[in-house]
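What follows is each chain in one-letter form.
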Amino acid sequence: MRGMKRDGVTESPAGRWTRSEDYLGAMARKRTFRRSHHRDRTQPEVPQMLLSTLPFLALLLLLGVLAIGIMVAAFPGSQPPDKTRQVAQKEQGFAPRGWLQEAQKEFHR
């Protein structure tokens, strides 16, 4: 790059691209080209019931039925009643003298 002089650089045949008018003109032509080749999307004017709302409503209804079914199955009234356990009354116990020593002797045999 050291040996290259400014005089040796040639300009493009289209003209100089250093002026802002040249850049703006090219951008305007590009935008005009895009707009002329742009196609509008075709969409129905009114959304169709079968394609948009009906699947959502069906799913919502299914989840509602499932939730109600779970609530009915889990309701305590539908379960069999628990058997109440009868608790024995506390009684005062009686142990003869020396029972602990006899139990320890039996344990160490």
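Refer to the structure above for everything that follows.
My aim in this report is to walk through the structure given alongside it, one point at a time. Here the structure is a predicted model, which is why all the values come from computation and not from measurement.

In terms of helices and strands, the chain carries three helices and zero strands. Each helix and strand of the chain, placed in order from N terminus to C terminus, yields the pattern α-α-α. Counting every position in the chain, which comprises 109 residues, the buried fraction comes to 1%. Surface exposure of the chain reaches about 12,400 Å², of which carbon and sulfur atoms provide 60%.

Between its first and last C-alpha atoms helix α2 (residues 53–74) spans 32 Å; for 22 residues at 1.5 Å apiece the expected length is 32 Å, and the two agree. Here α2 lies mainly on the outside; zero of its 22 residues are buried.

Our next topic: helix α1 (residues 20–36). Its 17 residues give α1 an end-to-end C-alpha distance of 24 Å, which sits within 8% of 24 Å, the value for a rise of 1.5 Å per residue. Within α1, only one of the 17 residues are buried, which leaves the element largely exposed.

On to a nonpolar patch on the surface. A surface patch of nonpolar side chains, about 510 Å² in accessible area, is lined by Leu-59, Leu-62, Leu-63, Leu-66 and Ile-70. Relative to the assigned elements, Leu-62 resides in helix α2. Residue class for Leu-62 comes out exposed when judged on its relative accessible area of 56%.

About the cut-offs
Residues numbered from 1 in each chain as written. Predicted model: local features only at pLDDT ≥ 70, side-chain atom pairs only at ≥ 80, totals over all residues. Heavy atoms only, no water. Helix = DSSP H or I, 4+ residues; strand = E, 2+ residues; numbered from the N terminus. Buried < 20%, exposed > 50% of the residue type's maximum accessible area, 1.4 Å probe, protein only. Areas by Shrake-Rupley, 256 points an atom, 1.4 Å probe, with all protein chains shown as cover. Expected span 1.5 Å × (residues − 1). Patch = residues over 30% accessible without salt bridge, like charges linked within 9 Å, V, L, I, M, F, W, Y side chains within 5 Å. Salt bridge = Lys/Arg side-chain N within 4 Å of Asp/Glu carboxyl O.

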